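# Examination of the molecular architecture
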Amino acid sequence: MALDPELAARLKRNADGLFSAVAQERSTGDVLMVAWMDDAALERTLATRTATYYSRSRQEYWVKGETSGHTQYVHDARLDCDGDTVLLVVDQVGAACHTGNHSCFDTDSLPFGTEARPVDSAQ
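As the structure is a computational prediction, the values presented were derived from the model and not from experiment. (Residues numbered from 1 in each chain as written. Predicted model: local features only at pLDDT ≥ 70, side-chain atom pairs only at ≥ 80, totals over all residues. Heavy atoms only, no water.)

### A short note on the overall build of the protein
The test is simple: Under the DSSP-based scheme used, a helix requires at least four consecutive residues in state H or I and a strand at least two consecutive residues in state E, with every element numbered from the N terminus. Buried residues are those whose accessible area, probed at 1.4 Å on protein chains only, stays under 20% of the maximum for their type, while exposed residues exceed 50% and partly exposed ones sit between those limits. Should any heavy atoms of two residues lie within 4.5 Å, those residues are counted as being in contact. Accessible surface is estimated by sampling points in the Shrake-Rupley manner with a 1.4 Å probe; for residues, cover comes only from the protein chains shown. The sign given to each residue is positive for Lys and Arg and negative for Asp and Glu; His and the chain ends receive no count. Charged side chains are reduced to one point each, which is NZ for Lys, CZ for Arg, CG for Asp and CD for Glu.
When its secondary structure is counted, the protein shows 2 helices and 6 strands. When the helices and strands of the protein are read in sequence order from the N terminus, they spell out α-β-β-α-β-β-β-β. Along the first, second and third principal axes, the C-alpha atoms of the protein reach 55 × 35 × 30 Å. Residues classed as buried in the protein amount to 33% of the 123 residues present. Within the protein, residue pairs in contact and separated by at least 24 positions form 43% of the contacts whose partners lie at least 6 positions apart. Total accessible area on the protein stands at roughly 8200 Å², and carbon and sulfur atoms take up 50% of it. Each charge sign in the protein was given a centre, from 11 positive and 19 negative side chains, and these centres are 2 Å apart.

Have a look at this one:
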């Protein structure tokens, strides 16, 4: 089975044929991780509701949790306005991050400089 041609036409891929995928936890709204997909990975994800990504370093597909048991069941999938990123809304079982953390973004906030000012949303 191939990715729906209308959906495939909406995707913007990089030179390697990949686009980014953001996994967001359904229950909390937390961003869990960012990975890469190609058309086949997205098609597999949509067909199975199990997050499937493409590893650039290993140059192979990987199903989240296949070896670790830390799975992602996909409830919703959406393209961003540019078609270069897919958002997967998931139920995460176990850690999403390869470090063992629940999220890859369970880190300290980066410091802002003294010149940083909030943007006035009224303008």
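After presenting the structure, the write-up continues.
### Some points on the pairing of strand β5 (residues 72-79)
Here is the rule: Each pair of strands is called paired provided DSSP finds at least two bridges between the two strands.
In the sheet, β5 pairs with strand β6 (residues 85-92) via 7 bridges, with the strands oriented antiparallel. Opposite Y73, over in β6, you have D91 as the bridge partner. With antiparallel pairing between neighbouring strands as the criterion, β5 and β6 make up a hairpin whose turn holds 5 residues, including G83 at a positive phi of roughly 75 degrees.

### Overview of the UniProt feature "binding site: Zn(2+)" (unreviewed entry) in the protein
Where we set the bar: UniProt positions are given in the numbering used here, feature names are shortened, and annotations may be inferred rather than shown by experiment.
According to UniProt, the feature "binding site: Zn(2+)" (unreviewed entry) maps to C81, C97 and C104 in the numbering used here. The named residues occupy 24 residues along the chain; their greatest pairwise C-alpha distance, 26.5 Å, places them well apart from one another. Position of C97 relative to the elements: it lies in the segment after β6. Setting aside residues no more than four positions away along its own chain, C97 makes contact with H102, S103 and C104. Checked against the element boundaries, C104 lands in the segment after β6. C104 gets classed as partly exposed once you look at its relative accessible area, which sits at 31%. Those residues in contact with C104, other than ones at most four positions away along the chain, are L32, M33 and C97.

### Concerning unusual backbone geometry
In this model, R49 sits at a positive phi of 65 degrees, which is unusual for a non-glycine residue. Owing to a relative accessible area of 38%, R49 belongs among the partly exposed residues under this scheme. Positive phi outside glycine occurs at Q59, with the angle close to 50 degrees. By secondary structure assignment, the location of Q59 is in the loop between β3 (52-55) and β4 (60-63).

### Quick look at the side chain of S20
Within the secondary structure, S20 sits in strand β1 (residues 19-25). When near neighbours in sequence (up to four residues on either side) are disregarded, S20 contacts V34, A35, W36, D84, T85 and V86.

### Some words on the nonpolar core
Spelled out, the test is: To form a nonpolar core, buried Ala, Val, Leu, Ile, Met, Phe, Trp, Tyr and Cys residues must be joined to one another through side-chain atoms within 4.5 Å.
In terms of nonpolar packing, the biggest core is built from 20 residues, with M33, M37, L42, Y53, V86 and L88 touching the most fellow members. Contributing elements (two or more residues each) for this core: α1 (5-10), β1, β2 (31-37), α2 (39-48) and β6. Among the elements that make up this core, the one with the highest residue count is β2 (4 residues). In contact with M37, other than residues within four places in its own chain, are G17, L18, F19, A21, L42, T45, T52, Y53, Y54, V86 and L88.

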